[in-house]
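Single-letter residue listing:
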There are 2 protein chains.
Amino acid sequence: MARPKAFDTEIALDAAMGVFREHGYEGTSAEMLLDAMKIGRQSLYDTFGDKWRLYQATLRRYCQLEGHGHVTALRGQDRAFDGIRAMIDRVVADPRSPCLGVSSACEFGQTKPELDAIKVAADHVLRTAMVARIQEAQADGDVSPDLQANEIVDFLYASFAGIRIAARSGADHPRLEALGRTTLRALR
Amino acid sequence: MARPKAFDTEIALDAAMGVFREHGYEGTSAEMLLDAMKIGRQSLYDTFGDKWRLYQATLRRYCQLEGHGHVTALRGQDRAFDGIRAMIDRVVADPRSPCLGVSSACEFGQTKPELDAIKVAADHVLRTAMVARIQEAQADGDVSPDLQANEIVDFLYASFAGIRIAARSGADHPRLEALGRTTLRALR
DNA sequence: AAGCAACTTGACTGATCGTTCCAAAACAGC
DNA sequence: GCTGTTTTGGAACGATCAGTCAAGTTGCTT
């Protein structure tokens, strides 16, 4: 064994995530990353490979954190419908930090298989949790039986993206809340 | 008088718009623009100023075209609700061309006053047209009177952004149609 | 205590960035 | 056909890009 790292990999990753969320991939320079992560140039390349692999790592971590947060909110309420509401509230409450998933979709579309793979994996776990809770809410009579659970998941995904873009465009909290309310109302 | 331009400014602008839509501002290089616009380096700088002003010009043009398209769809039907449906269908039908408004919001947030001004102006004309048609649809009994027209506009904006991001993420046509249906249903 | 493997630091690489300069080519009016 | 203005294309600018190299430093292991 030898000298241990002087920085925490996860903390550095979170710092990098913040920069990528704010400026996108192309808009982020190595200098900006080093400043935010507070590590040396070589440490970055030794630890994370290169800018592109670092970006993938941040997206992977973001999907994990975000997916976990959503599932927690979803399951944190007794009534399934309240769980769905909690998930929407989470998006609305999240002040103005842009979503890395949305921004990477904007920036790259489907041109990068590596990113697609990360998103597909994240989608899988969240979607199954959501479908289960939505069907539960339908059984409770809180969500219309006319809608297919999978379509509702797509609709909620799209709404989340829309709410986040509204926030990034400067919509204030009341307007975001109204968006959340209208989204939830659409399920009835 | 002297030698006239060998290219059409609007056509070149549309070509630039295509590149910016596909790759964003930071992801677009001068070379890519020149290739797409099929003009010389100096012509670009003489005619459009620089990359940033060219981007503003494309965003301005995009907002005009897109706003006009939406208003036309909105007013092209007898029944107000059908007009709203037509507007949504327009977004769903638009194959996979990313929205410059969404991508610029992602990339820059509110950090660029010049862009904000362009969007505010575009929002104004479209919003008034939408509010009018929504209130008409409410009077017809097609849209719930519980909802405020302005909130519905925000909701539709957010939905459009969501649908476009879904498309950019690879959602196929049936899924986009389902999103459009769910969005429209939310207004009832 | 000594040695060594890993981490850190900062100078440096070629490539590419957006932009400008310059001279040649092209067209309008006389 | 000439003159004058504008467009054009290519070469060139400094700045910055992502990434590398080579010392120098640190702390674990024996």
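A quick note: this is a predicted structure, and the numbers were derived from the prediction, not measured.

Turning our attention to the interface of chain A and chain B. At the junction of the two partners, chain A supplies 32 residues and chain B supplies 32 residues. When residues of the side of chain A that touches chain B are traced back to their parent elements, those giving at least two are α6 (100-108), α8 (149-168) and α9 (173-185) of chain A. For the side of chain A that touches chain B, a count of residues per class yields 15 nonpolar, 10 polar and seven charged.

Bringing the environment of T28 of chain A into the picture now. Residue and element names in this part refer to chain A. Mapped onto the fold, T28 is located in the loop between α1 (9-23) and α2 (30-37). Residues T28 and S169, 141 residues apart in the sequence, show an inter-C-alpha distance of 20 Å. Not counting the four nearest positions on each side in its chain, T28 is found in contact with V19, F20, H23 and L33.

Rotating chain A by 180° and moving it 0.0 Å along the rotation axis overlays it on chain B with an RMSD of 0.0 Å. Put plainly, the chains are arranged around a two-fold axis. With an isologous cut-off of 70% or more, the 100% of interface residues of chain A that recur at the interface of chain B puts this contact in the isologous class.

One finds I163 and A166 of chain A together with I163 and A166 of chain B to be the most contacted residues of the largest nonpolar core, which totals 108 residues. Every residue in contact with A166 of chain B, bar those within four places of it in the chain, is listed here: D154, Y157 and A158 of chain A together with A171, R175, L176 and L179 of chain B.

Our next topic: unusual backbone geometry. Despite not being glycine, K38 of chain A has its phi angle at roughly 55°, a positive value. You can see K38 of chain A is positioned in the loop between α2 and α3 (41-48).

Let's shift gears to helix α4 (residues 51-75) of chain B. Residues and elements named next belong to chain B. Between its terminal C-alpha atoms α4 stretches 36 Å, which fits the 36 Å expected from 25 residues at 1.5 Å a residue. Residues of α4 that are buried: L54, Y55, T58, L59, Y62, C63, H70 and L74. For α4, the secondary structure elements touched by its buried residues are α1 (9-23), α3 (41-48), α5 (80-93), α6 (100-108) and α7 (113-140).

Moving on: the packing of helix α4 (residues 51-75) of chain A against α6 of chain A. Residue and element names in this part refer to chain A. One way to put it is that α4 packs onto α6 with a least axis distance of 9 Å and a crossing angle of 135°. It follows from the interaxial angle that α4 and α6 lie oblique. Facing T58, L59, Y62 and C63 of α4, the residues of α6 in contact are L100, G101 and S104. Residue composition of the contact of α4 with α6, grouped by class: four nonpolar, three polar and no charged.

Residues and elements named next belong to chain A. For the pair helix α5 (residues 80-93) and helix α7 (residues 113-140), interaxial distance at closest approach is 8 Å and the crossing angle is 135°. One finds that α5 runs oblique with respect to α7. Of the residues in α7, those in contact with A80, F81, G83 and I84 of α5 are R133, I134, E136, A137 and D140. Across the contact of α5 with α7, the residue classes tally to five nonpolar, one polar and three charged.

Calculation notes
Residues numbered from 1 in each chain as written. Chains lettered and ligands numbered in written order. Predicted model: local features only at pLDDT ≥ 70, side-chain atom pairs only at ≥ 80, totals over all residues. Contact = placed C-beta atoms within 7 Å. Helix = DSSP H or I, 4+ residues; strand = E, 2+ residues; numbered from the N terminus. Nonpolar A, V, L, I, M, F, W, Y, C, P; charged D, E, K, R; others polar. Least-squares fit on C-alpha atoms with pLDDT ≥ 70 in both. Core = buried A, V, L, I, M, F, W, Y, C linked by C-beta atoms within 7 Å. Buried ≥ 20, exposed ≤ 12 C-beta atoms within 10 Å, placed from the backbone. Expected span 1.5 Å × (residues − 1). Axes fitted to C-alpha atoms, helices over the stretch in contact; angles between N-to-C directions. Parallel < 35°, antiparallel > 145°, perpendicular 65-115°, else oblique.

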